[in-house]
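# Reading the structure
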Amino acid sequence: MSIIRQDLASKDWTIFSTERAKRPFDYKKEEKKQVKKEYLKNCPFCRGNEHMTPKEIYSIRQGNDWKVRVIPNKFPALQAKELIKATTERHIKEPYLYMDGIGSHEVIIESPKHNDSLPIMKIEQVDRVIQAYRQRFINLSKSEDYQLIIIFRNNGKIAGSSLEHPHSQLVATPFVPSYVRTKLYEAQRYFDDFGTCVYCDMIKYELKNRERLIYENDNFIAFAPFASIVPYNIIIIPKKHMSCFLELPENETRSFAHSLKIVLSKLYYLLNDPDYNYVIDSTPPDKSGERHYHWHLEILPRLTTRAGFEIGSGVYINTIMPETCARLLRDCKI
Ligand SMILES: [Zn+2]
Ligand SMILES: [Zn+2]
């Protein structure tokens, strides 16, 4: 029999239908890892090819050498108003609403080396990537043009990555989409009902129950959510309440980097470098300090395909229970 579980925070339902499932290990990627070179002549993100990218926005350097670079996306979905002489003004073309494509679309190059990757990088380097995320988030949050800042990573072709060189992206938008507004609203409703942050309550429960816990350090935990929407869905979340990514203290970036590196390594070894997306889910910057929301990083491996039912209903059918995924990830030696 299938079971239907509800996510405590979003109130979305997931159908667990484990009978139609492959065994958990059948999700392991078949193809062999290719040996990649440290430098590729035609890769714009490789050290030595800096002239092939748009002008750098931010970087972390050691001597003459850059360690992390942030550049504008060459084919941006949105652009700063100074560049395109635009405004955030809304226009109406009866009955429709539209506006100029204002925003920021940036690429965070995570390493000068083409064959680097977060699971194998030194912790110092993963920490630099997190510091770059934090700095760009802080910087963009000062602009009144942007209402939402999303930092994300697409790993592998199925996850939408077109360039092999390790990189993440950031998009700042001049509006809050309804998808985000709904999540914030549901969290606020929980706060109104119970007087506590829904994520803080989940953290408390997962730490006590431990069945879905994957990793824990002083400041962060990683767990498989109760109503996981896909196999190996993982959330990494600060133990201390913080609503906006902006609130991550400088002295905790390393602890966050550590949890990210360990969790991604476990996925890498257990499933042979699966395609995945991760995204930092946070309140908009101007909602920093809210008591009802709690920022976190969510990993969504792309092991199954979203089909008609999912698209039509917004309800996912998951074929592995999160308890199974958490146990396999916990047991995976790295
Ligand atoms: Zn490269
Ligand atoms: Zn909280």
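Residues numbered from 1 in each chain as written. Chains lettered and ligands numbered in written order. Predicted model: local features only at pLDDT ≥ 70, side-chain atom pairs only at ≥ 80, totals over all residues. Heavy atoms only, no water.

### Overview of the coordination of the zinc ion (ligand 2)
Coordination of the zinc ion (ligand 2) by the protein involves Cys197 (SG), Cys200 (SG), His241 (ND1) and His294 (ND1), with metal-donor separations of 2.0 to 2.3 Å. Coordination at the zinc ion (ligand 2) is tetrahedral, judged from the 4 donor atoms that bind it and the angles of 106 to 115° they form at the metal. Positions of the donor residues of the zinc ion (ligand 2) along the chain correspond to the pattern C-x2-C-x40-H-x52-H. Here Cys197, found in the loop between helix 3 (178-194) and helix 4 (198-209), pairs with His294, found in the loop between strand 13 (276-281) and strand 14 (296-301); they are 97 residues apart in sequence, far enough to count as distant. Neither residue differs from the other here; Cys197 and His294 are each classed as buried. (Donors = N, O, S within 2.8 Å, 3.2 Å for Na, K, Ca; no water. Tetrahedral: all angles 85-135°; square planar, octahedral: opposite > 155°, others 65-115°. Helix = DSSP H or I, 4+ residues; strand = E, 2+ residues; numbered from the N terminus. Buried < 20%, exposed > 50% of the residue type's maximum accessible area, 1.4 Å probe, protein only.)

### Let's talk about the sheet that holds strand 1 (residues 3-6)
Reading across the sheet, the 3 strands line up as 1-2-15 and stay open at both edges, with mixed pairing between neighbours. In the strand order of this sheet, the two ends are held by strand 1 and strand 15 (316-318), each with one partner. Sheet twist, expressed as the mean angle between neighbouring strand axes with direction ignored, is 30°. (Pairing = 2+ DSSP bridges. Axes fitted to C-alpha atoms, helices over the stretch in contact; angles between N-to-C directions.)

### What about the coordination of the zinc ion (ligand 1)?
Working reference: metal with six octahedral donors, ideal angles 90 or 180 degrees; metal with four tetrahedral donors, ideal angle 109.5 degrees. Taken together, the protein donors to the zinc ion (ligand 1) comprise Cys43 (SG), Cys46 (SG), His114 (ND1) and His165 (ND1), at separations of 2.0 to 2.3 Å. One way to put it: the 4 donor atoms around the zinc ion (ligand 1) meet at angles of 105 to 115°, and that makes the site tetrahedral.

### Notes on the pattern of salt bridges
Considering all chains together, one arrives at 15 salt bridges under this definition. Between Glu106 and Arg136 there is a salt bridge, with the nearest N and O atoms lying 2.8 Å from each other. Within this pair, whereas Glu106 is found in strand 7 (residues 104-109), its partner Arg136 is found in helix 2 (residues 123-141), the two being separated by 30 residues in sequence. Arg136 carries the same exposure label as Glu106, and that label is buried. (Salt bridge = Lys/Arg side-chain N within 4 Å of Asp/Glu carboxyl O.)

### Quick notes on the packing of aromatic side chains
Each aromatic ring pair is specified by the distance between its two centres and by the angle formed by the two planes. The full count for this structure, using the stated rule, is 10 aromatic pairs. Centroid distance Tyr190 to Phe194: 4.7 Å. Interplanar angle 45°. Geometry classified as tilted. Of the two residues, Tyr190 and Phe194 are both situated in helix 3; the distance of 4 residues between them amounts to about one turn of the helix. Assessed through its relative accessible area of 10%, Tyr190 is described here as buried. With relative accessibility at 56%, the residue Phe194 sits in the exposed group. Linked through ring pairs, Phe137, Phe220, Phe245, Phe256 and Trp295 together constitute an aromatic cluster. The cationic tip of Arg5 hangs over the ring face of Phe16; the distance from NZ or CZ to the ring centre is 5.4 Å. Seen from the ring of Trp66, Arg69 lies directly overhead, with NZ or CZ sitting 5.7 Å from the centre. (Phe/Tyr/Trp six-rings, centres within 6.5 Å; stacked < 30°, edge-to-face > 60°. Lys NZ or Arg CZ within 6 Å of the ring centre and 35° of its normal.)

### Digging into helix 3
Over its 17 residues, helix 3 extends 24 Å from the first C-alpha to the last, a length consistent with the 24 Å expected when each residue adds 1.5 Å. As for helix 3, its buried residues are in contact with strand 8 (148-155), helix 4 and strand 13. (Expected span 1.5 Å × (residues − 1). Contact = heavy atoms within 4.5 Å.)

### Observations concerning the sheet that holds strand 7
Here 10 strands make up an open sheet; going across it, the order is 3-4-7-9-8-13-14-12-11-10 and the pairing antiparallel. At either margin of the open sheet sits one strand with a lone partner, and together these are strand 3 (58-62) and strand 10 (213-216). When strand polarity is set aside, the average angle formed by the axes of neighbouring strands in this sheet is 15°.

### Observations concerning unusual backbone geometry
Residue Glu94 is joined to Pro95 through a cis peptide bond whose omega torsion reads -5°. Mapped onto the elements, Pro95 comes out in the loop between strand 5 (90-93) and strand 6 (96-99). Residue Lys11 is not a glycine yet carries a positive backbone phi of 70°. Inspection of the secondary structure puts Lys11 in the loop between strand 1 and strand 2 (13-16). Although it is not a glycine, Asp273 sits at a positive phi angle of roughly 55°. Its place among the elements puts Asp273 in the loop between helix 5 (253-271) and strand 13.

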